[in-house]
Amino acid sequence: MLDVNTWPWWAVVGYIIIDLSVRAFAVIVVPRNRRPTSAMAWLLAIFFIPVLGILLFLLIGNPKLPRVRRRKQEQINHYIAETASNLRLGSLRPDPPEWFPPLVAMNQSMGALPLSGDNGAHLISDYQTSLDVMADAMREAQDYVHVEFYILQADDSTDNFFRAMEETAARGVPVRVLLDYWANRWKPKYRETIRRLEKMGADWHLMLPVQPLRGRIQRPDLRNHRKLLVIDGTVGFLGSQNVTDSSYNLPKNIRQGLHWVDLMVRVDGPVVASLNAVFLSDYYAETDTVPEGIDITRIETGAGDLDCQIVPSGPGFELENNLRLFLGLLYAAQERIMIVSPYFVPDEALLAAVTSAVDRGVQVELFVSEQGDQAMVYHAQRSYYEALLRAGIRIWMYPKPYILHTKSLTIDDQVAVIGSSNMDMRSFGLNMEVSMLVRGEEFVDEMRVVEDEYRSLSRELTLEEWQQQPLRSTVLDNLARLTSALQ
């Protein structure tokens, strides 16, 4: 500890002036364009632990990508908007709910991707089956394969997936691959994975790398969390699953017997062009080039008549696209809301939306994991359980040793969202995500089957049980809740 009583008077005055200046500067700079809760958390950190607080703020205080990268996203959005205005994107389903067209218009204004009709979409709920189905689709490729996953690991479970890429590349079909830098660089199987991509001749790139010597600098905890696959612009996949073993090959997961439960969706029709546009925008952002011979105006009718809209989100956009989509849907619900999210850490707006839905007479159910894989997020999520239970929301706990990793939302019997986005502040502000809005009872029916399966395997958490939590758990939960606001 510094003993200021031994300092000369001029040093004490100087210290006080610097301290007050830093605090005044923080009050001016920190709250700008930031949520009040986030601003307050940062100010508390700077005021009470000034040296560490300032260093952390300088390191991770800016939740946006560098301006150059955001300008690229604006260029992409402008190009997609111009291109889509001249396309016929299928026949839309008649008689949409009154609230649906304005919601679609909001999504398009934020992310530039239009609503399309005549789409097919089917769920794949088995972990290994989804990897094998994607592999089979790649083996049918004639023009190109676009692979973009947060985590991409060559292991026994994904061997068929990688063999499909190798066989496709061997036929002379371009295979382009994007994988997140931080999620892969120091994880198991990274070197084996890169060697395999190199050997097959894939055009691969790391997303959001932090490489100061190469001039690539941004907030180091930003992530590209998207999971998508596009084949020839006619077939696509997206959802919550990474290309890795269901244990993620991590020793601690293997010791605990942890396995991830995920959900993917196969799509065909005009919506695949929108999904491809997301891949191409990320490819352009990382390489400053656009692959030749890719025509996103190539629109083919799908095997169904679902209305679908791709909603990209993340720090490359000015607004929190996914949060606004979720809020719009929650306030539109009239009958029931089903939320599946491994990390449910709502901000004030989202918490108000789900609790006020119950007040309107809407049935609300939340599916989460009984066991968490990330301690801070797990405890932050738990800190909201009492408020949710008291509001009348039913919480289902998926049993350990499984991590329910699916990210989905269904509204009444008409509309669903599926994708990579959790309902937490990291997914809203720091992760690059992709979600798909779907209108169509037949797709919601498929979602209901999956939800019913999750419910049959889960146990319901009651308020009485929750009130028996030990004090140490409550303290941990509340501390984690405070740190979750640091964005």
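Residues numbered from 1 in each chain as written. Predicted model: local features only at pLDDT ≥ 70, side-chain atom pairs only at ≥ 80, totals over all residues. Heavy atoms only, no water.

**Q** It is not clear to me how empty space enclosed by the protein should be interpreted in this structure. Could you clarify?
**A** Considering all chains together, one arrives at 6 cavities of 30 Å³ or more under this definition. Volume-wise, the largest cavity comes out at about 110 Å³. For the largest cavity, the lining is made up of 13 residues, of which Leu87, Pro114, Ala273, Ser274 and Ile296 are closest to its centre. Every element with two or more residues in the lining of the largest cavity is listed here: α4 (67–84) and α11 (271–287). Each residue belonging to the lining of the largest cavity can be placed in one class, and the counts come to 11 nonpolar, 2 polar and no charged. (1 Å grid on protein atoms, 1.4 Å probe; cavity = no way out; pocket = protein on both sides within 12 Å on 5 of 7 lines; lining within 4 Å. Points joined across faces, edges and corners; volume = space filled by probe spheres on them. Helix = DSSP H or I, 4+ residues; strand = E, 2+ residues; numbered from the N terminus. Nonpolar A, V, L, I, M, F, W, Y, C, P; charged D, E, K, R; others polar.)

**Q** What's the story with the nonpolar core in this structure? I'm lost.
**A** Nonpolar side chains tend to gather and get buried jointly when the protein is soluble and globular. If you look at the biggest cluster of nonpolar residues, it comprises 46 residues, and the most contacted ones within it are Leu329, Ile337, Ile339, Leu388, Ile395, Leu409 and Leu437. Sequence-distant contacts of Leu409, defined by excluding residues within four places in its chain, comprise Phe326, Leu329, Leu330, Ile337, Met338, Ile339, Val415, Ala416, Val417 and Met423. One finds Tyr144, Leu280, Tyr283 and Phe443 within the second-largest nonpolar core, a separate group that totals 45 residues. (Core = buried A, V, L, I, M, F, W, Y, C linked by side-chain atoms within 4.5 Å. Buried < 20%, exposed > 50% of the residue type's maximum accessible area, 1.4 Å probe, protein only. Contact = heavy atoms within 4.5 Å.)

**Q** Just checking my understanding: could you explain the packing of aromatic side chains for this structure?
**A** Aromatic ring pairs are described here by two measures, namely the spacing of the ring centres and the angle between the planes. Tallying each qualifying case throughout the model produces 11 aromatic pairs. For the pair Tyr181 and Trp182, a centre-to-centre distance of 5.4 Å together with 80° between the ring planes defines the contact as edge-to-face. For Trp182, a relative accessible area of 27% gives the class partly exposed. Feature note: the residues Phe149, Phe161 and Phe162 constitute an aromatic cluster, connected by ring pairs. (Phe/Tyr/Trp six-rings, centres within 6.5 Å; stacked < 30°, edge-to-face > 60°.)

**Q** Which parts of the structure should I look at to understand helix α12 (residues 321–332)?
**A** For an α-helix, the turn length of 3.6 residues means that residues three or four places apart are oriented alike. A rise of 1.5 Å per residue sets the reference length of α12, with its 12 residues, at 16 Å; its end C-alpha atoms lie 17 Å apart and thus fit the reference within 8%. Taking burial as the measure, the 12 residues of α12 include 9 buried ones, the bulk of the element. Residues of α12 that are buried: Asn321, Asn322, Leu323, Leu325, Phe326, Leu327, Leu329, Leu330 and Ala332. (Expected span 1.5 Å × (residues − 1).)

**Q** What's the story with the pattern of salt bridges in this structure? I'm lost.
**A** Where charged atoms from two side chains of opposite charge approach closely, those side chains can pair. According to the stated counting rule, one finds 23 salt bridges in the structure shown. In this structure, the salt-bridge partner of Glu300 is Arg298, at a minimum N-O distance of 3.1 Å. Arg298 gets classed as partly exposed once you look at its relative accessible area, which sits at 34%. Between Glu365 and Arg455 there is a salt bridge, with the nearest N and O atoms lying 3.0 Å from each other. Remark: Arg455 occurs in helix α17 (residues 441–457) and Glu365 occurs in strand β13 (residues 363–369); sequence separation between them is 90 residues. Sharing partners across several salt bridges, the network here consists of Arg93, Asp305, Glu441 and Glu442. (Salt bridge = Lys/Arg side-chain N within 4 Å of Asp/Glu carboxyl O.)

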